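Chain by chain, the residues:
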Amino acid sequence: MSVFPAIMVMFSILFLGVGGFLALKRAPSSRDSVAAIAALSIGYVLMYLTVSPQVAQDRTSYYGFYQAADWGWLWRHVAWSHDLIFDDLLSVLHYLILPDGMSFMWFSAVFMASVVLLYLGVLLLVARHGFLQLKLIPLVLLCVFCDRLFVDAIFNATRGTLSASMFIIGLFTGGWPLLLPALLASFGFHGKMFLMTAAAALLSLLVRIRRQWLLSFFLIAVTVFLLRLVYPYPITALLALFGLQPETVGAYPYDNIFEGVHRGFPLSFSMLVQILLAILVPVTLIAGGMRSVILNEKSGEVAGKSIASPRCMFDIVLVVTGCALLFFPEFGLAQRLFVFPMMLLPLFLSEQGLRVLLLVKVPVFAAVMLGTHWHTLIPR
């Protein structure tokens, strides 16, 4: 075994450890905060290079897409596309604007660095519009990064993560002038992810007519999710009521939209723990009073340039989360929706809430990654 991969692993752990230490300081200086953000970002990019193929399963596929990306194909599909939803034209453009001729390792580093920088941009825009204190960005970043479910989202469902980030920029921080371009960018990076998120966001507006409906919907979703421990939710039977039999669902054009719908399976213990830590524990902390002050605001004045008030944004997060819990695991694409609340829920936690969440998440994340998935092997 080469020594180089082992050194990369140690540097990744070192950067994440230093970043975590600086982020957790009680009264960090501005310099400490900037250093924490930089260290956590570098450590996360190095993690992408060094985790086992079990975690970054799509690493090789993205490199293949990068090598096959062609300007001629892009221009042909811009002029005429047979299927804009599934073309994901901006994801192809993303590959094309990266430097040519990179090795697998250099591509992986540059590719993941661009994704991490976009999420940092989201956090900075959120802070600029009053939804987050700048000093809390390192804690939020640590909460999001130290999450096995988010690792899977950003390392594998990367285009979905980019789409969700663009959706957040447009709806929550961009204001009206940037809304349409940001939503178009979200659609361009991952059409299916955009459609699912947009549908859930529109549903949240309907549910908000009576706020008790929102709570009822979320509690029903959590109950159905927990029942999967003993009995898979029969979505195929539900579809059959509307004339969509499994054999019909598997036919074009439903094969992509209903990907995995007739491959239902019981919820595994591992996935249960991941979703509890990533979704249900933060929601419980917010409901228990460890919420950010912005959720106590009755108007949107705290973030006057956003599309929605903080409370409305939180409601959208709850509905998107409820949809994901309701249809996962039998509806395969529902798992991708989890990236939306994973990126946003920490924004609604107070500093105390963030520290409590990290107290729960970091030990579990470190044990799982060091004990199971952080192999010192880089795919050739």
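Rules used in this analysis
- Residues numbered from 1 in each chain as written.
- Predicted model: local features only at pLDDT ≥ 70, side-chain atom pairs only at ≥ 80, totals over all residues.
- Heavy atoms only, no water.
- pLDDT = per-residue confidence, 0-100.
- Helix = DSSP H or I, 4+ residues; strand = E, 2+ residues; numbered from the N terminus.
- Contact = heavy atoms within 4.5 Å.
- Patch = residues over 30% accessible without salt bridge, like charges linked within 9 Å, V, L, I, M, F, W, Y side chains within 5 Å.
- Areas by Shrake-Rupley, 256 points an atom, 1.4 Å probe, with all protein chains shown as cover.
- Salt bridge = Lys/Arg side-chain N within 4 Å of Asp/Glu carboxyl O.
- Core = buried A, V, L, I, M, F, W, Y, C linked by side-chain atoms within 4.5 Å.
- Buried < 20%, exposed > 50% of the residue type's maximum accessible area, 1.4 Å probe, protein only.
- 1 Å grid on protein atoms, 1.4 Å probe; cavity = no way out; pocket = protein on both sides within 12 Å on 5 of 7 lines; lining within 4 Å.
- Points joined across faces, edges and corners; volume = space filled by probe spheres on them.
- Nonpolar A, V, L, I, M, F, W, Y, C, P; charged D, E, K, R; others polar.

Engineer: What should I look at first to understand the confidence of the model for the protein in this one?
Structural biologist: Summing up the model confidence of the protein, the mean pLDDT is 80 and the portion of residues at 70 or higher is 80%. Here helix α16 (residues 254-257) is the element of the protein with the lowest mean pLDDT, 43, and helix α8 (residues 137-145) is the one with the highest, 95. Within the model, the stretch residues 246-264 combines pLDDT values under 50 with 36 contacts to residues more than four positions away or in other chains. Confidence over residues 299-304 falls short of pLDDT 50; this stretch has 11 contacts with residues more than four positions distant or in other chains.

Engineer: I'm lost on a nonpolar patch on the surface in this one. Help?
Structural biologist: Taken together, the side chains of Ile-7, Met-10, Phe-11, Leu-14 and Val-18 present a nonpolar region at the surface, about 440 Å² in accessible area. Structurally, the position occupied by Leu-14 is in helix α1 (residues 3-23).

Engineer: Before we go on, may I ask you to explain the nonpolar core in this structure?
Structural biologist: For soluble globular proteins, nonpolar side chains are generally found buried alongside one another. If you look at the biggest cluster of nonpolar residues, it comprises 123 residues, and the most contacted ones within it are Tyr-44, Phe-155 and Phe-340. Examining the composition of this core, we find that 14 residues originate from one element, helix α7 (residues 104-128), more than from any other.

Engineer: Could you clarify how one ought to interpret empty space enclosed by the protein in this entry?
Structural biologist: One way to see where empty space is left: roll a probe the size of a water molecule over the atoms. Inspection of the entire model under this criterion finds 1 cavity of 30 Å³ or more. Here the largest cavity defines a volume of roughly 40 Å³. Forming the boundary of the largest cavity are Cys-143, Val-144, Asp-147, Phe-150, Ala-278, Pro-282, Met-342, Pro-346, Leu-357 and Lys-361. For the lining of the largest cavity, the elements supplying multiple residues, two or more each, are α8, α17 (269-287) and α21 (351-373). Grouping the constituent residues of the lining of the largest cavity by class yields 8 nonpolar, no polar and 2 charged.

Engineer: Just checking my understanding: could you explain the pattern of salt bridges for this structure?
Structural biologist: Side chains that differ in charge, positive against negative, can pair when their charged atoms come close. If you walk through the whole model with that rule in mind, you get 4 salt bridges. Note that Lys-25 and Asp-32 form a salt bridge whose closest N and O atoms lie 2.9 Å from each other. Take Lys-25: its relative accessible area is 30%, and that puts it in the partly exposed class. A residue is classified by how much of its surface remains accessible, and Asp-32, at 17% relative accessible area, is buried.

Engineer: Would you explain α8 in this entry?
Structural biologist: One full turn of an α-helix is made of 3.6 residues, so residues set three or four places apart face in the same direction. The buried count for α8 comes to 9 of 9 residues, which makes it a mostly enclosed element. Every buried residue of α8 is accounted for by Ile-137, Pro-138, Leu-139, Val-140, Leu-141, Leu-142, Cys-143, Val-144 and Phe-145.

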